[in-house]
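Next come the chains, spelled out residue by residue.
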Amino acid sequence: MKKILVTGGAGFIGSHLCTRLLDEGHYVICLDNYFTGSKTNVFHLLDNPNFELLEHDIITPCCMDKQVDEIYNLACPASPIHYQYDPIKTVKTSVMGAINVLDLARKTGAKVLQASTSEVYGDPIVHPQNEAYWGNVNPIGRRSCYDEGKRCAETLFMDYYREKKVKIKIIRIFNTYGPRMLPNDGRVVSNFIIQALQGREITIYGDGSQTRSFQYVDDLIEGMVRMMNSGNEFVGPVNIGNPVEFTIKELAEKIIRLIDSPSKIVYKPLPSDDPKQRKPDISLAKSRLNWEPQIDLDEGLLRVIDYLKKQPIFTLS
Ligand code: NAD
Ligand code: UDP
């Protein structure tokens, strides 16, 4: 049994990761400040004697008295409306959070995995994106608190690896969806599904020709755990995402069809610096982790539709 710290463990992805690690028989410490996560997300784990919930803000040092074997660093708001709500705090969470988990890893000898993001590629000119691409990020735009914060966190991980011999792992996560994503966080999958379920207008930003590649959360968790369990010499970064690319218009049409919704599409202004295209090259994950996604978009969307239908916004009305 390993003792594993998951920062941001009460969030969407973190709660799935905690569940998986407990199922594997490990002891899990779930750290969160509940900014975008909640106890509801881990309610099903609270009775497990191997589960410990810790309210803490990762911008200050934590757990220096605890011996942990592994750390997954997920603490950071991920949706544009949440990370832009307090952009200075977002930078602090990424940068100071990275320093704090790296110092803890250094002290304990733990392996530490950073949940980085496809946003380090910004509005990419290279397509699909492979890990050798340095990206195209606007350093002074609305998205940069997140993009540059995550880029700096990668820098810190690599410097602690080179200078202080900390055992690190970096994964770059592409757009992920699944149960427990917040219905109101403005992300495209939840927005479109809720609009379609309510028969309201589906809001496409821009002309809908921008692309994204959507990964179901179970596929991500598998990739994440495989990366953590891979040999210490493989530090990444490695892309973890579904390489099947859709335009946002195609996504809207698919959701309307799956729900058989009367909703009509409307077009709204495109937010600044919105990436025009995004699709991971996953050759590295395939060869080093023997990993590739298993759940296609139709199947994954049907699961999320089923989940969102049961949320209070629908059941209370
Ligand atoms: P989420 O917002 O549901 O989860 C983030 C969690 O971190 C929340 O529980 C939140 O309360 C917590 N948190 C935020 N700031 C904190 C702080 N200062 N101290 C302690 N806890 C803090 O988002 P998610 O989608 O589950 O994302 C998890 C991680 O994966 C994030 O680091 C995100 O950048 C990364 N990621 C997610 C996606 C995606 O598509 N969901 C894509 C790329 C990267
Ligand atoms: N988007 C949209 N309508 C919405 C929400 C998002 O057209 O109601 C677009 C958004 O402009 C972007 C894409 O969908 O081009 C993905 O947005 P999301 O916020 O989910 O993720 P990210 O931009 O971080 O990839």
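Scroll up to find the structure.
Focus: the overall build of the protein
Link 1 in the chain: Across its full length, the protein holds 10 helices and 13 strands.
Link 2 in the chain: Compactness check: the protein gives a C-alpha radius of gyration of 19 Å against a globular reference of 20 Å for 317 residues, within 12% of the reference.
Link 3 in the chain: Over its C-alpha atoms, taken along the principal directions, the protein stretches across nearly 55 × 45 × 40 Å.
Link 4 in the chain: Per-residue burial over the protein gives 56% buried out of 317 residues.
Link 5 in the chain: Looking at the protein alone, contacts between residues at least 24 apart form 81% of all its contacts between residues at least 6 apart.
Link 6 in the chain: Approximately 13800 Å² of the protein is accessible, and the part contributed by carbon and sulfur atoms is 52%.

A word on the site of ligand 1
Link 1 in the chain: Taken together, the neighbourhood of ligand 1 is formed by 30 residues, with Ile13, Asp32, Thr36, Tyr146 and Lys150 sitting nearest.
Link 2 in the chain: Between ligand 1 and Leu74, the relevant distance is 2.8 Å, taken from an oxygen atom to a main-chain nitrogen or oxygen of the residue.
Link 3 in the chain: At a separation of 3.4 Å, an oxygen atom of ligand 1 approaches a polar backbone atom of Cys76.
Link 4 in the chain: Here ligand 1 has 820 Å² of accessible area as a free molecule, and 97% of this is covered by the chains.
Link 5 in the chain: Of all the secondary-structure elements, those providing two or more residues to the shell around ligand 1 are α1 (12-23), β2 (27-32), β5 (111-117) and α4 (144-164).
Link 6 in the chain: Looking at the shell around ligand 1, the element that brings in the most residues is β5, giving 3 residues.
Link 7 in the chain: Here the residues of the shell around ligand 1 are counted per class, giving 15 nonpolar, 11 polar and 4 charged.

Comments concerning helix α3 (residues 87-108)
Link 1 in the chain: Between the first and last C-alpha of α3 there are 31 Å, a value that for 22 residues agrees with the 32 Å anticipated at 1.5 Å per step.
Link 2 in the chain: Taken residue by residue, α3 has Thr90, Thr93, Ser94, Val95, Gly97, Ala98, Asn100, Val101, Leu102, Leu104, Ala105 and Thr108 as its buried positions.
Link 3 in the chain: Elements that come into contact with the buried residues of α3 comprise β1 (3-7), β4 (70-73), α2 (80-83), β5, α4 and β6 (167-173).

Here's the deal with the side chain of Arg172
Link 1 in the chain: Its place among the elements puts Arg172 in strand β6.
Link 2 in the chain: Within polar-contact distance, the side chain of Arg172 engages the side chain of Tyr121 at 2.9 Å.
Link 3 in the chain: With residues up to four places along the chain from it excluded, the contact list for Arg172 reads Ser116, Thr117, Ser118, Val120, Tyr121, Glu131, Tyr133, Glu154, Pro237, Val238, Asn239 and Ile240.

Here we look at the packing of aromatic side chains
Link 1 in the chain: By the definition in use, this model includes 5 aromatic pairs.
Link 2 in the chain: Ring centres of Tyr121 and Phe174 lie 6.1 Å apart, and the angle between their planes is 40°; on these two criteria the pair is classed as tilted. Here Tyr121, found in the loop between β5 and α4, pairs with Phe174, found in the loop between β6 and β7 (176-177); they are 53 residues apart in sequence, far enough to count as distant. For the pair shown, Tyr121 and Phe174 are each scored as buried.
Link 3 in the chain: Residues Tyr177 and Tyr216 carry aromatic rings whose centres are separated by 5.6 Å and whose planes lie at 75° to one another, so their mutual orientation is edge-to-face. Residue Tyr177 is located in strand β7, and its partner Tyr216 is located in strand β10 (residues 215-216); the two are separated by 39 residues in the primary sequence.
Link 4 in the chain: A relative accessible area of 0% means that Tyr177 is categorised as buried.
Link 5 in the chain: Through successive ring pairs, a cluster of aromatic residues spans Tyr121, Tyr133 and Phe174.
Link 6 in the chain: Sitting over the ring of Phe234, Arg288 keeps its end group 4.4 Å from the ring centre.

Calculation criteria
Residues numbered from 1 in each chain as written. Chains lettered and ligands numbered in written order. Predicted model: local features only at pLDDT ≥ 70, side-chain atom pairs only at ≥ 80, totals over all residues. Heavy atoms only, no water. Helix = DSSP H or I, 4+ residues; strand = E, 2+ residues; numbered from the N terminus. Rg over C-alpha atoms; globule rule 2.2 N^0.38 Å. Buried < 20%, exposed > 50% of the residue type's maximum accessible area, 1.4 Å probe, protein only. Contact = heavy atoms within 4.5 Å. Areas by Shrake-Rupley, 256 points an atom, 1.4 Å probe, with all protein chains shown as cover. Near = heavy atom within 4 Å. Polar contact = N/O pair within 3.5 Å; in protein donor to acceptor, adjacent residues only side chain to side chain. Nonpolar A, V, L, I, M, F, W, Y, C, P; charged D, E, K, R; others polar. Expected span 1.5 Å × (residues − 1). Phe/Tyr/Trp six-rings, centres within 6.5 Å; stacked < 30°, edge-to-face > 60°. Lys NZ or Arg CZ within 6 Å of the ring centre and 35° of its normal.

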